[in-house]
Amino acid sequence: MAETKTYREALREAMVHELERDESVILMGEDIGVYGGTHLITDGLYDEYGPKRIMDVPISENGFTGAAIGMAMMGMRPVVEMMTWNFSFLAADQIIQNAAKVRYFSGGQVEVPLVIRGPNGGGVQLSAQHTHSLESFYAHFPGLKVVAPVTPNDVKGMMLTAIRDPNPVIFLEAGALYGTKGEVEEGDNAVPFGKARIAREGSDVTLIAYGRQVNLCLRAADTLAEDGFEAEVIDLRSLRPFDEDTIVESVEKTHRAVAVQEQWRWFGVASEVAAIIQDRAFDSLDAPVERVSGAEVPGPYARNLELMAFPSEKQVVNAARRVMYEEEK
Amino acid sequence: MPEVIMPKMGDAMEEGTLLKWLKSEGDEVSEGDPIAEIETDKVTMELEAEDAGTLAQLIASEGQDVPVGEAIAFIAGEGEEVPERSEGGGEEEAEEGGEEDGGGAQATATETEAPEEEEAQEEQADGRADGHFRASPIVRRLAEENDLDLSKIDGSGPAGRIVERDVRAAMESGTAQRTEDGAEQADGQTQPQQAAQQGIQPARVPEPTEAPGTQLIEPTRMQRVIGERMTEAKQHIPHFYASVEVRMDAAMALRKQLNEQLEPEGVKLSVNDFVMKAAAVALRNYPNLNALYTSKGIELHEKVDMAMAVALDAGLITPVIRDIGSKGLAAISRESKDLASRAREGKLQPDEYQGGTITVSNMGMFGVESFTAIINPPQAAIIAVSSIAKRPDYDENGEIVPASMMKLTLSADHRIANGRDGALYMSEVKKTLENPVLLMV
Amino acid sequence: MKSGYRSVWERLWDYIRNSRFWYSVPGIVSLRGKGPSMSADNEHSENGGVETREDGGAIATSSERLVDLYKEMALIRAFEEACQRGFRQGKIGGYLHVYIGQEAVATGFLQAFKEGDKVITAYRDHAHALLLGSDPNEIMAELYGKGTGLVKGKGGSMHLFDVDRGLMGGYGIVGGHIPPGVGFAYAMKYQETDHITQLYLGDGAMSTGAFHEAANLAGLWGKDGLCPCLFIVENNQYGMGTSVERTTAMTDLAAKFDAYGIENEKVDGMDIEAVIEVAERTAEQVRETGKPYAVEALTYRTASHGAADFMEKYRTKEEVNEWRKRDPIGLLEHKLIENDVLDEEKIEEIKGEVKERIAEAVKFAEESEEPPEEELYTDVYSGADEYMGEE
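Since the structure is predicted, the reported quantities are computational estimates derived from the model, not experimental observations.

Things to note about the overall build of chain B
- When helices and strands are counted, chain B shows 12 helices and 20 strands.
- Here chain B holds 441 residues, and the buried ones make up 32% of them.

And the structure:
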């Protein structure tokens, strides 16, 4: 059974599912309770579950994220909302120094079943301080798991998995897609981490992305198809753990790959994708792996500049054409 | 005329639903009057008029989802007409607003690496630098698997890089089989399998009939190599042929005389020694027949390294007499006998059968009247030597006399030499053999 | 007292005496009556600074208990001195922070520890582990980087954990452990237990944002009885080499908790009996109310900040010597002898016993194997996918 739901509804549904299933689950964040959440993800939950489980917290990311880590170490399962991931830098010490590592430096004596979630990425004219894609920042650290679902079905299924995971999970939501709709499986549709999704099958070139850029790749694939090129689009879904096999198998089939990311090019996920491909599928490559990334600038405000700062469909199409040794368009 | 548009009311809002019109077409509205109720994915709110006038046209209907920025109504000032809706412009606007990220397609930034690549391409148009071929990894793998010679494939990628489509095309046309050192062939493959991999149409190789009285044998490794190389030579080298008939009486007489003198030294000159020496001497004036067809051009050789075909039970091999032009008949004789006998014993070293500049193939001992040979790539030419037979001939007086006649047929690569070169060369060989003293000069 | 040199001790007690704190917080037991008399004509250095309680309050500790406390503190001291030796010999790597001079604080507060309670502290954590009953052998083996260590050789000196005994860890980033500690307390109430969290922090941590954010949360949750957290400020006067006065204009650290609605007081952290009195009373209050409470224990690290910190440019020898006269072990020893509980011989016997015990720990540590190589890859993640890299 599947029903059409928005990304926002699917996300809420997953959290409600777990709030109902497991008493140790609580939600915590700024304005998630009485206000209903800046993005209305948690709307209505405060009335249902009360202030002990739907905790409004003061503006103190480091403090409440750290407190949630402590709760998790005590066996609770907190789901912390970063109003946007841009604010998580304030909590980075807690996330990186404590959540990611405490299991290791305690010799395995504790675990941190914690989810930190919120909208990631820019695209809606929020300018420099509110425009970040933080996946490679967090995926760099062993001890964290990092996921970035793009479809409503995945956001629900991966949130179920995230809350049940005994490790800290960085749950990067496609903030710009909260209102988008898609088929969502009813009930418990837990989606495992570390498994990429083939969003579109193709044989000529592999486009690899995650989060919002998957949709960009799908549009680029449609454009390429008009000229007779069939692009395979891979939605990574999960960045740590990372599904190398799906990428490698696809490139062994298509011999050409383009990795697309909204974040800056240097030291990003796309570079990791390129490295993995050259490492494991070198003899299948017909062209160097291309990366399409954001411009190396802080997020600008003006719409035209912002559009230039993000990967465009045209850039993806042309990168795909270049790796196929076709004229750019 | 002012439009009323679907406003953006949140950072992630893409579209809103027009719930209800609060005014009707033709109603007068003032600035700030609520005119419609709209619903976003977060809120329901009243939309207020930003201009005063007459609500001229309600474009959106109740319940309709409208992308942010798209007009839902027009407000007409006094005396203004409602415009025809411009579909094109409207659509474009709508599309931009409707993009999940607000219109990635509108971006103007493109990566411009192409000019650099073009420059590089000019520099290194053939994709080959210092014997290193620019080829993508998949191309190298395909070449390895299918025994292709990348030097025979032109790259269409940047800076002449050989890319997959180039090698696929070459495999289809069968123009890139490796020629040097076929011994690198992978074992355990049948010829049809290989042929299939090499792009030779499998249809040309029929299934075994398996009829009574037939026997299916695996070609030997050597046979496969010979087959492939000869196939390639015959398919890719434009052969032309030139035959001459040589009167061998003088040569035979000289041979007899020399053999008598050389007997104590254990030397016995063969007719083939004479032919080889003559072919080598005559090459002095025809350097383009002592040449190799290489990836970079025709390589003319000063010295003649003459390959001689030696038949083996399992196939044939062509050991090489190096710099034959500088060697005397006795030396040639000794060397050719030694090479031939060791060839039959399978004791040749690779450097003894590689790298000839021209080949002589002699089937005179089998009584053939004439034959033509397939060029041994990358050499430019091969000479087929037939048997000597007594034939009636005319002497200078027109009298019929018995003569010892032998046919020689040149096969030459038309990419290297033309028919005239071949003809003149063969007549020089003929003249040399018929005046064998020239061989001693 | 040298002319021109005003001892830190003097300054310290000045501020305790004069702070608005004593007058502004009703119901707080004043230290003034209990602290050592520090008037100019009655310097502690002259009378040993021992146990003169001006309020004449009964000392609630029996002789036997005092002897036990003495042994515990002596064990900590001997352990820390062995660590310093091990560090100098190059057998202990990384950072090493010892508790020498501060023993009475943790020893006193952990007298109020009940099973199920949790303890969290920063990196000066050996004493807490020893006091909670962790095996000295395993602690020393941890410092020696051995597989038999308390955390399998993965944490070292700064990261001692003994979760079964309530030690939720030593943490290396100043202030960073405070938010999780507050989270423990919330979880204790959420899980409907009557446990409390003893959260140890240093004076240096009180300048961090993490402290202020966490204290704010603790006060907030405490309003609903949802934060049974006992903050224990181990004010040893210096954050590394920077004195409290050089880090904040408002040096009354206990009073900082007022800003977050958290009741607080100070205690002489060199006086084990005073510490125990405050610890038992405040721990019970926290347990009963579910509200946080803060105690600033005034103490002094007579050892250097880290074992590698030899220069000590930030303080004078005189100052250190002044504090040594109030060494918590020395004070208790003096008292025990004066009260005829122990004699010199017995004291030496105890010192000999703990040294022997620590010598055994050192031997155990030295003889233990290093962690097996496969341990490199374990404990990164919990659950199925423990390690994500290439081994």
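After presenting the structure, the write-up continues.
Observations concerning the overall build of chain C
- When its secondary structure is counted, chain C shows 14 helices and eight strands.
- Relative to its full complement of 391 residues, chain C shows a buried share of 54%.
- Considering only contacts within chain C whose residues lie at least 6 apart along the sequence, 75% involve residues at least 24 apart.

What about the environment of Thr248(C)?
- Mapped onto the elements of the fold, Thr248(C) is located in the loop between strand S6 (242–243) and helix H10 (253–256).
- Among the residues examined, Thr248(C) registers 13 C-beta atoms within 10 Å and is labelled partly exposed.

A closer look at the environment of Met426(B)
All names here are of chain B.
- Relative to the helices and strands, Met426 is located in helix H11 (residues 419–434).
- For the pair Met426 and Leu408, spaced 18 residues apart in sequence, the C-alpha separation works out to 8.0 Å.
- Apart from the residues lying within four places of it in its own chain, the contact partners of Met426 are Ala242, Val244, Leu408 and Leu410.

Brief notes about helix H9 (residues 329–344) of chain B
All names here are of chain B.
- Relative to the 22 Å expected for 16 residues at 1.5 Å per residue, H9 spans 22 Å between its end C-alpha atoms, a close match to the ideal helical length.
- Residues Leu329, Ile332, Ser333, Ser336, Leu339 and Ala343 constitute the buried set of H9. Mapping the buried residues of H9 onto a view down its axis gives an arc of 140°, with all of them on the same face.
- Looking at the residues trailing H9, positive phi occurs at Gly346, about 70°.

Comments concerning the nonpolar core
- Leu207(A), Val258(A), Val260(A), Val316(A), Ala320(A), Ala218(C) and Val275(C) are the most contacted members of the largest nonpolar core, which has 230 residues in total.
- Apart from residues no more than four positions distant in its own chain, Ala320(A) is found in contact with Val205(A), Leu207(A), Ala220(A), Leu224(A), Ala231(A) and Val258(A).

Some details on the interface of chain A and chain C
- Taken together, the 38 residues of chain A in the interface contact 35 residues of chain C.
- Those elements giving two or more residues to the side of chain A that touches chain C turn out to be helix H3 (61–73), helix H4 (92–99) and helix H5 (102–105) of chain A.
- Ranked by residues supplied to the side of chain A that touches chain C, first place goes to H3(A) with 10 residues.
- The class makeup of the residues in the side of chain A that touches chain C is 17 nonpolar, 15 polar and six charged.

Considering the sheet that holds strand S4 (residues 34–39) of chain B
Residue and element names in this part refer to chain B.
- Taken in spatial order, the four strands of this open sheet run S5-S4-S2-S7, and their pairing is antiparallel. Edge positions in the sheet fall to strand S5 (44–48) and strand S7 (65–67), since each of these pairs with one other strand and no more. The mean angle between the axes of side-by-side strands here comes to 40°, regardless of whether they run parallel or antiparallel.
- When strand S2 (residues 15–21) meets S4, the two strands line up antiparallel, connected through four bridges. Looking at the pairing, Trp21 lines up with Ala36 of S4.

Some remarks on the pairing of strand S10 (residues 205–209) of chain A
Residues and elements named next belong to chain A.
- With five of its five residues buried, S10 lies for the most part within the structure.
- Burial along S10 is two-sided: Val205, Leu207 and Ala209 and Thr206 and Ile208, pointing in opposite directions, are all buried.
- In terms of strand pairing, S10 meets strand S11 (residues 231–235) through five bridges, oriented parallel. Each residue of the ladder has a partner; that of Val205, found in S11, is Ala231.
- In the classification by handedness, the crossover that spans S10, the intervening helix H8 (residues 213–226) and the parallel S11 is right-handed.

Topic: the pairing of strand S4 (residues 77–81) of chain A
- Of all five residues in S4(A), five are buried, a share of seventy percent or more.
- Burial along S4(A) is two-sided: Arg77(A), Val79(A) and Glu81(A) facing one way and Pro78(A) and Val80(A) facing the other are all buried.

Some points on the sheet that holds strand S2 (residues 25–29) of chain A
All names here are of chain A.
- Strand order across the open sheet formed by seven strands is S3-S2-S4-S5-S7-S6-S12, with mixed pairing between neighbours. Whereas interior strands pair on both sides, the edge strands pair on one side only; in this sheet they are strand S3 (54–56) and strand S12 (238–240). On average, adjacent strands in this sheet sit at an angle of 20° to one another, irrespective of strand direction.
- In terms of strand pairing, strand S5 (residues 115–120) meets strand S7 (residues 169–174) through six bridges, oriented parallel. From the neighbouring strand, Arg117 faces S7, where its bridge partner is Phe171.
- Running at roughly 165° to S7, helix H7 (residues 152–164) makes contact with S2, S4, S5, strand S6 (145–147) and S7 of the sheet.

Here we look at the packing of H8(A) against helix H12 (residues 313–323) of chain A
All names here are of chain A.
- Between H8 and H12, whose axes approach to 9 Å, the crossing angle comes to 55°. By the angle between their directions, the pair H8 and H12 is classed as oblique. Like other packed secondary-structure pairs, H8 and H12 cross with a definite hand, here right-handed. Contact residues: H8 offers Leu216, Cys217, Arg219, Ala220, Thr223 and Leu224, while H12 offers Glu313, Val316, Val317 and Ala320.

Topic: the packing of helix H8 (residues 178–190) of chain C against helix H9 (residues 209–223) of chain C
All names here are of chain C.
- Interaxial distance between H8 and H9 falls to 8 Å at its minimum, and their mutual angle equals 15°. With respect to their mutual orientation, H8 and H9 come out roughly parallel. Judged by the sense of rotation from one axis to the other, the crossing of H8 with H9 is left-handed. Counting all contacts with H8, which are made through Ile178, Pro179, Val182, Ala185 and Tyr186, the residues of H9 involved are Ala210, Phe211, Glu213, Ala214, Leu217, Ala218 and Trp221.
- Grouping the amino acids of the contact of H8 with H9 by side-chain chemistry returns 11 nonpolar, no polar and one charged.

Re helix H11 (residues 272–289) of chain C
Residue and element names in this part refer to chain C.
- With 18 residues, H11 ought to run about 26 Å at 1.5 Å a step, and its terminal C-alpha atoms sit 25 Å apart, in line with that.
- Turning to H11, its buried residues number three or more, namely Ile272, Glu273, Ala274, Val275, Ile276, Glu277, Val278, Ala279, Thr282, Ala283 and Val286.
- The secondary structure elements touched by the buried residues of H11 are helix H4 (63–88), helix H5 (103–109), strand S4 (229–235), strand S7 (263–268), strand S8 (293–298) and helix H13 (328–338).
- Of the residues trailing H11, Gly290 is marked for its positive phi of about 70°.

Brief notes about unusual backbone geometry
- Arg240(A) connects to Pro241(A) through a cis peptide bond whose omega is 5°.
- Relative to the elements of secondary structure, Pro241(A) occurs in the loop between S12 and helix H9 (244–254).
- Of note, the bond from Pro377(B) into Pro378(B) is cis; its omega dihedral lies within 30 degrees of zero at 0°.
- Along the polypeptide, Pro378(B) turns up in the loop between strand S18 (358–362) and strand S19 (381–394).
- In the Ramachandran plot, Tyr325(A) falls in the positive-phi region, its phi being about 55° despite a non-glycine side chain.
- The residue Tyr325(A) is located in the segment after H12 in this model.
- Overall, Tyr325(A) belongs to the partly exposed group, with 19 C-beta atoms counted inside 10 Å.
- Phi angles above zero are rare outside glycine, and Asp379(C) is one such case at about 70°.

Here's the deal with the confidence of the model for chain B
- With 80% of its residues at a pLDDT of 70 or more, chain B shows a mean pLDDT of 79.
- The model gives residues 180–203 of chain B a pLDDT under 50, and that stretch makes 31 contacts with residues more than four places away or in other chains.

Considerations on the environment of Ser382(C)
- Here Ser382(C) lies in the segment after helix H14 (344–367).
- Residue Ser382(C) is classed as partly exposed on the basis of its 18 C-beta neighbours within 10 Å.
- Not counting residues up to four positions away in its chain, the partners in contact with Ser382(C) are Arg103(A), Glu111(A), Pro166(A) and Asn167(A).

Re the confidence of the model for chain C
Residue and element names in this part refer to chain C.
- Taken as a whole, chain C shows an average pLDDT of 86; of its residues, 81% reach a score of 70 or greater.
- Confidence drops under pLDDT 50 across residues 1–5; counting only partners more than four residues distant or on other chains, this segment forms three contacts.
- In the model, residues 17–59 has pLDDT below 50 throughout and makes 48 contacts with residues more than four positions away in sequence or in other chains.
- Confidence estimates for the predicted assembly give a pTM of 0.68 and an ipTM of 0.94.

What counts and how
Residues numbered from 1 in each chain as written. Chains lettered and ligands numbered in written order. Predicted model: local features only at pLDDT ≥ 70, side-chain atom pairs only at ≥ 80, totals over all residues. Helix = DSSP H or I, 4+ residues; strand = E, 2+ residues; numbered from the N terminus. Buried ≥ 20, exposed ≤ 12 C-beta atoms within 10 Å, placed from the backbone. Contact = placed C-beta atoms within 7 Å. Expected span 1.5 Å × (residues − 1). Arc of directions from axis to C-beta. Core = buried A, V, L, I, M, F, W, Y, C linked by C-beta atoms within 7 Å. Nonpolar A, V, L, I, M, F, W, Y, C, P; charged D, E, K, R; others polar. Pairing = 2+ DSSP bridges. Axes fitted to C-alpha atoms, helices over the stretch in contact; angles between N-to-C directions. Right-handed = clockwise from strand over helix to strand, strands pointing away. Parallel < 35°, antiparallel > 145°, perpendicular 65-115°, else oblique. Left-handed = near helix turned anticlockwise from the far one by under 90°. pLDDT = per-residue confidence, 0-100.

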